[in-house]
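Residues per chain are reported as follows:
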Amino acid sequence: MSKILLLGSGELGKEFVIAAQRLGQIVIAVDSYANAPAMQVAHGFEVINMLDGDALDHIVAKHQPDYIVPEIEAIRTERFYAYEKDGYTVIPSAKAANYTMNRKSIRDLAAKELGLKTADYRYAASAKALSAAIQEIGMPCVVKPLMSSSGKGQSTIKTEADIQKAWDYSQEGSRGDVAEVIVEGFVNFNYEITLLTVTQRNGKTLFCPPIGHRQERGDYQESWQPATMQSKHLQTAQDMAAKVTTALGGAGLWGVEFFIADDGVYFSELSPRPHDTGMVTLGNTQNFNEFELHLRAVLGLPISEITQERIGASAVILANEHSDNPTFSGIEEVANATKSDFRLFGKPSSRPYRRMGVVVTYDNLDGDIKAVTERAKELASKVKVNP
Ligand SMILES: Nc1ncnc2c1ncn2[C@@H]1O[C@H](COP(=O)(O)OP(=O)(O)OP(=O)(O)O)[C@@H](O)[C@H]1O
Ligand SMILES: NCC(=O)N[C@@H]1O[C@H](COP(=O)([O-])[O-])[C@@H](O)[C@H]1O
Ligand SMILES: [Mg+2]
């Protein structure tokens, strides 16, 4: 039995802990607030500010985990290098967690070092520098804090008038302690995908069938698997995913994001951990869902193959309001629907657009992916989060 220190305890962590519990592992779940989803199903928990390196050192020393598994980006990941030196295993690796917490490190690695095709980009550390960067990149463009996720602090700039607003918004949405932003040329893509990629200690890399998704405000709304795409584009995406995960190193499941445009496949970013759009696999679309795959890779249990067992879709359940006692209505209708399932994450409070649950739908392999996705969307829209 091994001990896992899970750094971040949201909905993705919760499913990971459930997978770990099923294989008899011990998990200590950590987050910045009490009663976070993954804490509700773990053996123990810690509430700390994970950007505080000393607090992090303290709980690592206290629990002496076999595996340190980051679940969010905003962690003092610089400390991970020392943990590795001390003999701890960081998932997938200290470098992977450290590079992906900051859009600058991962983008420079992908575009400059590895030569992957990405959107044009610049960095800016003030509203003035942002204006100058936009002069070079052109409009429309997308502004994102270097440290943020789920679209927080992200906006699309179409006119000069949007620039100051975009800067201010980026500063509100930044999760870490850096003020800098990345500004990217807008990629006019035809569709976007997440390619779940599994790297294993035995050296064998596996890919899940591609996941299509639709985003609003930089946050995912629906995802479906498989995404229909030309095999040459899938091959390009797999080659890029193999390159970037090899450069970052270590074992685990990764969510590698791509835009597919008329002029080819663009690498966007990646998560060195299960991906929100990968919640579609909770509908048993594969022989193992993304959380089970991550766990097996973490523990060094070999995964011989990943097979698609059925098609599926997921659609998010979002809150509209702030509340310290959110409740749900409309669940009966979802429960009553065929070929569908749902999760309510158990987040103790809500805020506008906070993801509180997800609906998954599925069908046989010869089913219609558009219809399955529409059904997920329709069912999720019946669920209301009440303040
Ligand atoms: N350069 C771009 N051109 C066009 N669309 C973009 C660009 N960058 C981001 N987007 C859109 O915004 C979405 C979110 O962007 P991104 O993945 O970089 O943000 P994020 O905050 O890291 O989100 P998450 O943590 O959920 O992956 C993308 O999936 C895409 O739909
Ligand atoms: N795109 C990244 C992502 O989806 N991360 C998931 O959201 C949680 C934070 O949710 P919260 O902001 O509602 O606490 C994280 O802990 C993780 O599970
Ligand atoms: Mg993303």
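Residue numbers run consecutively from 1 along every chain, following the written order of its sequence. Following the order in which they are written, the chains are lettered starting with A and the ligands numbered starting with 1. Side-chain atom pairs in this predicted model are given and counted only at pLDDT of 80 or more, local residue features only at pLDDT of at least 70, and totals for whole chains, interfaces and linings cover all residues. As a convention, hydrogens and water are excluded, and side-chain values are obtained from all of the structure's heavy atoms.

### Remarks on the site of ligand 2
Here is step 1 of the chain: Working definition: residue near molecule or strand if any one of its non-hydrogen atoms lies within 4 Å of it. With respect to spatial proximity, 13 residues lie near ligand 2, and among them E71, S150, K347, R351 and R354 are the closest.
Here is step 2 of the chain: Between ligand 2 and the protein, one listed contact pairs an oxygen atom with a backbone N or O atom of G10 at 3.1 Å.
Here is step 3 of the chain: Under the rule applied, a polar contact is a pair of N or O atoms within 3.5 Å (in protein, one hydrogen donor and one hydrogen acceptor; residues adjacent in sequence only if both atoms are side-chain atoms). Between ligand 2 and R355, the relevant distance is 3.0 Å, taken from an oxygen atom to a side-chain nitrogen or oxygen of the residue.
Here is step 4 of the chain: Accessibility throughout is a Shrake-Rupley quantity obtained with a 1.4 Å probe, and a residue counts as covered only by protein chains that appear here. Against a free-state accessible area of 460 Å², the protein chains account for coverage of 85% of ligand 2.

### Digging into the packing of helix α2 (residues 53–63) against helix α3 (residues 78–85)
Here is step 1 of the chain: Fitted lines through C-alpha atoms serve as axes, helices being fitted only where they are in contact, and the angles separating the N-to-C directions of these axes extend from 0 to 180 degrees. Each helix corresponds to a stretch of at least 4 residues labelled H or I by DSSP, and each strand to a stretch of at least 2 residues labelled E; elements are numbered beginning at the N terminus. Interhelical geometry of α2 versus α3 gives an angle of 30° and a closest axis separation of 10 Å. The pairing of α2 with α3 is recorded here as roughly parallel in orientation. Two packed elements cross with a definite hand, and for α2 against α3 that hand is right-handed. Of the residues in α3, those touching α2 at G53, D54, L56, D57 and V60 are R79, F80 and Y83. Angle categories are assigned with fixed cut-offs, so that under 35 degrees is roughly parallel, over 145 is roughly antiparallel, 65 to 115 is roughly perpendicular, and the rest are oblique. For a crossing to be left-handed, the near helix must be turned anticlockwise from the far one by less than a right angle; the clockwise case is right-handed. Here, residues are in contact when the closest pair of their heavy atoms is within 4.5 Å.

### Overview of unusual backbone geometry
Here is step 1 of the chain: That bond from I91 to P92 is cis: its omega, -10°, falls within 30 degrees of zero.
Here is step 2 of the chain: Considering the arrangement of structural elements, one finds P92 in the loop between β5 (89–90) and α4 (94–100).
Here is step 3 of the chain: Here the amide bond leading from M139 into P140 is cis, since omega sits at 0°, within 30 degrees of zero.
Here is step 4 of the chain: Residue placement: P140 occurs in the loop between α6 (127–137) and β7 (141–145).
Here is step 5 of the chain: Even without being glycine, Y353 reaches a positive phi, approximately 70°.
Here is step 6 of the chain: Relative to the helices and strands, Y353 resides in the loop between β18 (340–344) and β19 (355–363).
Here is step 7 of the chain: Residue exposure (1.4 Å probe, protein chains only): buried if accessible area is under 20% of the type maximum, exposed if over 50%, otherwise partly exposed. Of the residues examined, Y353 reaches a relative accessible area of 48% and is grouped as partly exposed.

### Details of the site of ligand 1
Here is step 1 of the chain: For ligand 1, the set of nearby residues contains 19 residues, the closest of which are K144, G151, E184, E192 and E269.
Here is step 2 of the chain: Between K144 and ligand 1, the recorded distance is 2.7 Å, taken from a side-chain N or O atom to an oxygen atom.
Here is step 3 of the chain: Burial of ligand 1 by the protein amounts to 93% of the accessible area it has alone, namely 620 Å².
Here is step 4 of the chain: Mapped by element, the contributors of at least two residues to the shell around ligand 1 are β7, β9 (181–185) and β14 (252–261).
Here is step 5 of the chain: Residue type decides the class: Asp, Glu, Lys and Arg count as charged, Ala, Val, Leu, Ile, Met, Phe, Trp, Tyr, Cys and Pro as nonpolar, and the leftover types, Gly among them, as polar. Looking at the shell around ligand 1 residue by residue, the classes come out as five nonpolar, seven polar and seven charged.
Here is step 6 of the chain: Each of domain 2 (120–185) and domain 3 (191–386) gives at least three residues to the shell around ligand 1. Residue ranges assigned to the domains are those given by an automatic or database domain assignment.

### Description of the packing of aromatic side chains
Both the distance between ring centres and the angle between the ring planes are used here to describe each pair of aromatic rings.
Here is step 1 of the chain: For Phe, Tyr and Trp, rings pair up if their centres lie within 6.5 Å, where Trp contributes its six-membered ring, and each pair is then called stacked (planes under 30 degrees apart), edge-to-face (over 60) or tilted (otherwise). Counted under the stated rule, the structure contains five aromatic pairs.
Here is step 2 of the chain: On the numbers, 6.2 Å between centres and 75° between planes, the contact of F258 with F267 is edge-to-face.
Here is step 3 of the chain: As a reminder, the over-ring test applies to NZ of lysine and CZ of arginine, requiring each to be within 6 Å of the ring centre and within 35 degrees of the ring normal. Residue placement shows K117 over the ring face of Y266; its charged tip is 4.8 Å from the ring centre.
Here is step 4 of the chain: Here the guanidinium or amino end of R217 rests over the ring plane of Y353, the centre of that ring lying 3.7 Å away.

### Considering the coordination of the magnesium ion (ligand 3)
Ideal donor angles around a metal are set by the shape: a four-donor tetrahedron calls for 109.5 degrees, a six-donor octahedron for 90 or 180 degrees.
Here is step 1 of the chain: Taken together, the protein donors to the magnesium ion (ligand 3) comprise E257 (OE), E257 (OE) and E269 (OE), at separations of 2.1 to 2.5 Å. Residue E257 is found in strand β14, and its partner E269 is found in strand β15 (residues 264–271); the two are separated by twelve residues along the sequence.
Here is step 2 of the chain: What makes E269 partly exposed here is its relative accessible area of 22%. Ligating atoms shown are N, O and S within 2.8 Å of the metal, or 3.2 Å for Na, K and Ca, and water is not included, meaning a site may look less than complete.

### Digging into the sheet that holds strand β2 (residues 26–31)
Here is step 1 of the chain: Taken in spatial order, the five strands line up as β3-β2-β1-β4-β5 in an open sheet, and their pairing is parallel. Two strands close off the open sheet at either side, each with one partner strand: β3 (44–47) and β5.
Here is step 2 of the chain: Bridge count between strand β1 (residues 3–7) and β2: five bridges; the pairing is parallel. Directly across from K3, in β2, lies its bridge partner I26.
Here is step 3 of the chain: Each of β1, β2 and β4 (67–70) touches helix α1 (residues 11–22); the most contacted strand, β1, lies at about 175° to it. Note on pairing: DSSP must find at least two bridges between two strands before they are called paired.

### What to know about the packing of α6 against helix α7 (residues 162–173)
Here is step 1 of the chain: Axis separation between α6 and α7 bottoms out at 10 Å; the angle between their running directions is 125°. Considered as vectors, α6 and α7 are oriented oblique to each other. Helix-helix and strand crossings are classified by hand; for α6 and α7 the assignment is right-handed. Here A127, L130, S131 and I134 of α6 lie close against α7, whose contacting residues are I163, Q164 and W167.

### Describing the side chain of E222
Here is step 1 of the chain: With respect to the helices and strands, E222 occurs in strand β13 (residues 219–225).
Here is step 2 of the chain: Within the local environment of E222, its side chain forms a polar contact with the side chain of R214, the two groups lying 2.7 Å apart.
Here is step 3 of the chain: Not counting the four nearest positions on each side in its chain, E222 is found in contact with G212, H213, R214, S314, A315, T373 and K377.

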